[in-house]
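# Chain and residue survey
Listed below are the residues making up each chain.
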Amino acid sequence: AKGSSANGGLSSFPTIKSTHSLVAKHVTKEKWDKLHEHKTATSGFTLAKAIACAVEFDNQHCGIYAGDWDSYKDFSDVFDPIIQEYHGISADAKHTSDMDFSKITGNVNPDAPVHSTRIRVGRSIDGFGLSPGITKEQRLGVESLFKTASANFKDELAGTYYPLTGMDDTVRQQLVDDHFLFMSGDRNLTVAGMERDWPEGRGIFHNKDKTFLVWVNEEDQLRIISMEKGGDVLGVFKRLAGGIQAVGDSVKAESGKDFMLDEKYGYVHSCPTNLGTGMRASVHIDLPGWTAHGVDKLKARCEELSLQPRGTRGESGGQTGHTYDISNKHRLGYSEVQLVQTMIDGVNKLYEEDLELQKKQLEFPNIQSAHSLVAKHVTKEKWDKLCKHTTKTAGFTLAKAIACAVEFDNQHCGIYAGDWDSYKDFADVFDPIIQEYHGISADAKHTSDMDFSKITGNVNPDAPVHSTRIRVGRSIDGFGLSPGITKEQRLGVESLFKTASANFKDELAGTYYPLTGMDETVRQQLVDDHFLFMSGDRNLTVAGMERDWPEGRGIFHNKDKTFLVWVNEEDQLRIISMEKGGDVLGVFKRLAGGIQAVGDSVKAESGKDFMLDEKYGYVHSCPTNLGTGMRASVHIDLPGWTAHGVDKLKARCEELSLQPRGTRGESGGQTGHTYDISNKHRLGYSEVQLVQTMIDGVNTLYKEDLEL
Ligand code: ADP
Ligand code: ADP
Ligand code: MG
């Protein structure tokens, strides 16, 4: 924690960055002046500590935490109105819990594609602080009490407590990946004070089958969890009821202590949004129809059904694919039985609607990019013929292929392939688009040529070239292409490439760095230095290329970062040669050797070849990259052309078969007078021809720039 938030004794009224938060509304100067010097009895908590997140971040809705039960009472001038507004309850409302599962009607439809069900509640043991304020001694006290108590659990609930301290890291990561364990590093929890002394005093209890679990000293002292594969929400709720009872009874027997239970606010949690039941009952369910219809619309529909959608990697994790975490929205103002009933009913409704939406997807879409090649070539007739087809390798559809043209109004091309099959199965659409885009005839054939000895000359050494980069894309046969590739295939490409890359020799030798687990400052530095791709491009997202991000992605590079391979970005592999200065010929030579090494090594390890199509050359996910997939660029200063006008430079590049870009990547935009100048064509010319065109064109632009 930084700034005033860390300084519990600071007396001046703080600047609350989350200006639209409930804290900003209800922590007035007057209340601050009255309360800011007070320290709670149990854990010495202050109002400054409570509102640290609202002060530090600009994106908080609520923005306040309690450090002990006292906080809710001592700072009630602040907490009461926030709690009432957040939960929509009146000042005199009282909470009643009800875990009587026999009152539940029905269950989630067994036909619904539910992967798993999980219900959790939070519980706090009286006499100890809550995570944001709990002292070190209290935290260890909670852990030791729970550990002793948990030894009494019987039958299905019996299990073992595993402290985080000393846990093997592969075991820990596996528990996280399998959705059983929390992890550290959440910025909210850190600023709220919940990661002090990490990982001491934290741990997880679970039974043999990992269907009954208790998290110790994460956001709450205890999170009691029941979960299992499939959609038997009622069964999971039953086990939870028994589990809560067992924890409560056993803690009471060992210590005489009860759970903190407030007359108005129910079970006490560190976050006021969890007050009441502290219950979140969720299913992980596939909703492909809703995904196609739009995630924003799904959110609005969930709101109507009193549900909350999340991504499946936890609250801060984000959405991937068409699987969602759907849970009850409310915690307070309803009993546990009511909330589970609402969840069951709502999930059944969403599933029914999803089937309808899937049907609707077969209707001819409204293509927003009205001037795109997709709009021209995806006629109603072709749509009706192809819309039901699913490709063999990646299960790709025409709807997925044209998602960008449908969703955005600014696409020139607007189509992607999800596997090599897509180009063949949807050839009625792809063929005319490819021919028109690249200006080739229907019977054209592609021939590659990487023989660098055929190049004449080089870029003028006097030209102010900062750096040179040439990349190609390559796809390994048998796996899908990024827009359609399955999770397993993506991991297969990564693992094959990783093994293959260990064979690279001499200048090409290097290391593969997966994106998962990469240190954030290292990652950002690689992006800033133009070596690494990043996520968040809206085209790539809508095209399906950011599913399961960042899993399976990574970057290989040699020691000098002159030879690099991007794994599972827009293409399975992007092979790159780059260096400072303008020695285009040298960069091309290294690239030729690099492509050869990747191809040979992949072949040796797997027997697989690069996808190479007779007509379309090397297969890429974007048809605009077909052929060579090569972009040879220099970053060059053109102050004369900048003064003369960027539009004129664009027109001149067109004449020279070049393409100008900004220097922050395709979607990045232009800054100053430095341009990324590259070959315009990919297909219809060999690699040697394209590099020659680039060298000659850059020399011409440089000469003209001096004149200008
Ligand atoms: P909480 O509200 O309990 O803090 P999070 O959204 O932070 O929940 O998720 C905690 C963990 O539980 C994550 O690993 C998440 O993937 C997992 N999880 C949540 N719901 C389910 C479910 N229905 N099935 C499987 N795992 C789940
Ligand atoms: P691509 O066509 O390979 O997808 P982008 O325009 O998206 O290329 O750029 C990818 C990254 O490569 C960006 O960080 C960009 O700045 C960098 N880059 C491109 N050309 C050069 C060059 N000649 N010198 C240095 N970096 C470059
Ligand atoms: Mg959480």
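Just so you know, these numbers come straight off a predicted model, no measurement behind them.

### Concerning the overall build of the protein chain
Along the backbone of the protein chain there are 27 helices and 20 strands. Taking 2.2 N^0.38 as the reference for a compact globule, 708 residues should give roughly 27 Å; the C-alpha atoms of the protein chain span a radius of gyration of 30 Å, in line with that estimate. A burial count over the protein chain gives 55% of its 708 residues as buried. A separation of at least 24 residues holds for 73% of the contacts in the protein chain among residues at least 6 apart in sequence. For the protein chain, the computed accessible surface area is about 30300 Å², with 50% contributed by carbon and sulfur atoms.

### Here we look at unusual backbone geometry
Of note, the amide linkage connecting Trp-198 to Pro-199 takes the cis form, showing an omega dihedral of 0 degrees. That bond from Trp-549 to Pro-550 is cis: its omega, 0 degrees, falls within 30 degrees of zero. When you line up the elements, Pro-550 lands in the loop between helix 23 (538–542) and strand 13 (554–558). With a phi angle near 60 degrees, Ser-306 is a residue other than glycine that sits in the positive phi range. Among the secondary structure elements, Ser-306 is positioned in the loop between helix 13 (295–304) and strand 9 (307–310). Phi angles above zero are rare outside glycine, and Lys-561 is one such case at about 55 degrees.

### A look at the site of ligand 2
Within the structure, ligand 2 sits among 17 residues, and Ser-467, Arg-471, His-530, Arg-631 and Arg-661 are positioned closest to it. For ligand 2, a nitrogen atom lies 2.6 Å from a polar atom in the side chain of Ser-467. Surface burial for ligand 2 is 92%, taken as the share of its 560 Å² of free accessible area covered by protein chains. Those elements that place two or more of their residues in the shell around ligand 2 are strand 11 (465–474), strand 15 (573–580) and strand 18 (631–637). When its residues are assigned to classes, the shell around ligand 2 shows three nonpolar, seven polar and seven charged.

### Let's talk about the site of ligand 1
Near ligand 1, the surroundings consist of 17 residues, among which Ser-116, Arg-120, His-179, Ser-282 and Arg-310 are the closest. Between ligand 1 and the protein, one listed contact pairs an oxygen atom with a side-chain N or O atom of His-179 at 2.4 Å. Put simply, the parts of the chain that give the shell around ligand 1 at least two residues each are strand 1 (114–123), strand 5 (222–229) and strand 8 (280–286). Classifying every residue of the shell around ligand 1 gives three nonpolar, seven polar and seven charged.

### Quick notes on the packing of aromatic side chains
Two descriptors summarise a pair of aromatic rings, namely the distance from one centre to the other and the angle between the planes of the rings. Applying the stated criterion to the full structure yields 20 aromatic pairs. A network of ring pairs unites the aromatic residues Phe-146, Phe-153, Tyr-161, Phe-205 and Phe-212 as a single cluster. Above the ring of Tyr-267, the side-chain terminus of Arg-123 is found at 3.4 Å from the ring centroid. Above the face of the Phe-479 ring, Lys-608 is positioned so that its terminal group lies 5.1 Å from the ring centre.

### Observations concerning the sheet that holds strand 18
What holds strands together in a sheet is hydrogen bonding between their backbones, with the strands either parallel or antiparallel. The strand order across the open sheet formed by eight strands is 12-13-14-15-11-18-20-19, and the pairing between neighbours is antiparallel. One side of each edge strand has no neighbouring strand; the edge strands of this open sheet are strand 12 (510–514) and strand 19 (658–661). Along the sheet, successive strands turn relative to each other by an average axial angle of 20 degrees, direction set aside. Here four bridges tie strand 19 to strand 20 (residues 674–679), and the two strands are oriented antiparallel to one another. By the bridge assignment, Pro-660 is partnered in strand 20 with Ile-677.

### Concerning the confidence of the model for the protein chain
For the protein chain, per-residue confidence averages 94 on the pLDDT scale, and 96% of positions sit at 70 or higher. Note on residues 1–9: pLDDT is under 50 here. Beyond four places in sequence and across chains, it has 15 contacts.

### A closer look at the pairing of strand 1
A regular strand carries its side chains on alternate faces of the sheet. With nine of 10 residues buried, strand 1 is to be regarded as a mostly interior element. Sheet topology places strand 1 next to strand 8; six bridges connect them, and they run antiparallel. Directly across from Thr-117, in strand 8, lies its bridge partner Val-283.

### Some details on the packing of helix 26 (residues 646–655) against helix 27 (residues 687–707)
At their nearest, the axes of helix 26 and helix 27 sit 11 Å apart, and the two run at 145 degrees to each other. Pair helix 26 / helix 27 crosses with right-handed handedness. Residues Leu-649, Arg-652 and Cys-653 of helix 26 form the contact with helix 27, whose participating residues are Thr-700, Leu-701 and Glu-704. Residue composition of the contact of helix 26 with helix 27, by class: three nonpolar, one polar and two charged.

### Some remarks on the domain arrangement of the protein chain
When its domains are assigned, the protein chain resolves into domain 1 (3–87), domain 2 (101–288 + 321–343), domain 3 (373–438) and domain 4 (452–707). Between domain 3 and domain 4, the C-alpha centre-to-centre distance is 25 Å. With 22 residues of domain 3 in contact, the opposing surface of domain 4 contributes 30 residues. Summing the contributions of domain 3 and of domain 4, the shared interface buries around 2100 Å²; its carbon and sulfur component is 64%. Its largest share of buried area at the contact with domain 4, domain 3 owes to Tyr-416, Trp-420 and His-438, together 34% of the area lost on that side. Inspection of the domain 3/domain 4 interface yields one salt bridge. Between Lys-615 and Asp-431 there is a salt bridge, with its nearest N and O atoms 3.8 Å apart. Of all the elements in the fold, those that place two or more residues in the side of domain 3 that touches domain 4 are helix 18 (403–407), helix 19 (420–425) and helix 20 (427–438). Counting residues per element, the side of domain 3 that touches domain 4 draws most heavily on helix 20, at six residues. Residues that form the side of domain 3 that touches domain 4 fall into these classes: 14 nonpolar, five polar and three charged.

### Considering the sheet that holds strand 5
Pairing is antiparallel in the open sheet, where eight strands are placed in the order 2-3-4-5-1-8-10-9. Strands at the two margins of the open sheet, each flanked by one partner only, are strand 2 (159–163) and strand 9. In this sheet, adjacent strand axes meet at a mean angle of 20 degrees when their direction is disregarded. This element, helix 8 (residues 136–150), spans strand 2, strand 3 (203–207), strand 4 (212–216) and strand 5 of the sheet and lies at about 160 degrees to strand 2.

Cut-off values and rules
- The written sequence of each chain sets the order in which its residues are numbered from 1.
- Chains and ligands are labelled sequentially in the order written, the chains with letters from A and the ligands with numbers from 1.
- Two thresholds apply to this predicted model, a pLDDT of at least 70 for residue-level local features and 80 or more for giving and counting side-chain atom pairs, whereas whole-chain, interface and lining totals are computed over all residues.
- In computing side-chain values, all of the structure's heavy atoms are included and hydrogens and water are not.
- Put simply, DSSP H or I for four residues or longer makes a helix, DSSP E for two residues or longer makes a strand, and each gets a number counted from the N terminus.
- Here the globule rule reads 2.2 Å times residues to the power 0.38, and the radius of gyration is calculated from C-alpha atoms.
- Accessibility here uses a 1.4 Å probe with only protein chains present; expressed as a share of the type maximum, an area under 20% marks a residue as buried, one over 50% as exposed, and anything in between as partly exposed.
- Note on definitions: a residue-residue contact is assigned when non-hydrogen atoms from the two residues lie within 4.5 Å.
- Residue exposure ignores everything except the shown protein chains as possible cover, and the areas themselves are Shrake-Rupley values with a 1.4 Å probe.
- Residue proximity to a molecule or strand is established when one non-hydrogen atom of the residue lies within 4 Å of it.
- N or O atoms within 3.5 Å of each other form a polar contact, as long as, within protein, one can give a hydrogen and the other can take it, and as long as residues adjacent in sequence are counted only when both atoms are side-chain atoms.
- Basically, the charged four are Asp, Glu, Lys and Arg, the nonpolar ten are Ala, Val, Leu, Ile, Met, Phe, Trp, Tyr, Cys and Pro, and anything else, Gly included, counts as polar.
- Only Phe, Tyr and Trp rings are paired, with Trp represented by its six-membered ring, and only when their centres lie within 6.5 Å; those with planes under 30 degrees apart are stacked, over 60 edge-to-face, the remainder tilted.
- In this scheme, the term charge over a ring applies when either NZ of a lysine or CZ of an arginine sits within 6 Å of the ring centre and within 35 degrees of the ring normal.
- Strand pairing is defined by DSSP finding a minimum of two bridges between the two strands.
- Lines fitted to the C-alpha atoms define the axes, with helices restricted to the stretch that makes contact. Angles between their N-to-C directions range from 0 to 180 degrees.
- The predictor rates its confidence in each residue with pLDDT, a number between 0 and 100.
- Each crossing gets its handedness from the near helix: less than a right angle anticlockwise from the far helix is left-handed, clockwise is right-handed.
- Per the annotation, domain bounds derive from an automatic or database assignment of domains.
- Buried area: the sum, over both parts, of the accessible surface (1.4 Å probe) that disappears when the two are put together.
- One speaks of a salt bridge when a side-chain nitrogen belonging to Lys or Arg is within 4 Å of a carboxyl oxygen belonging to Asp or Glu.

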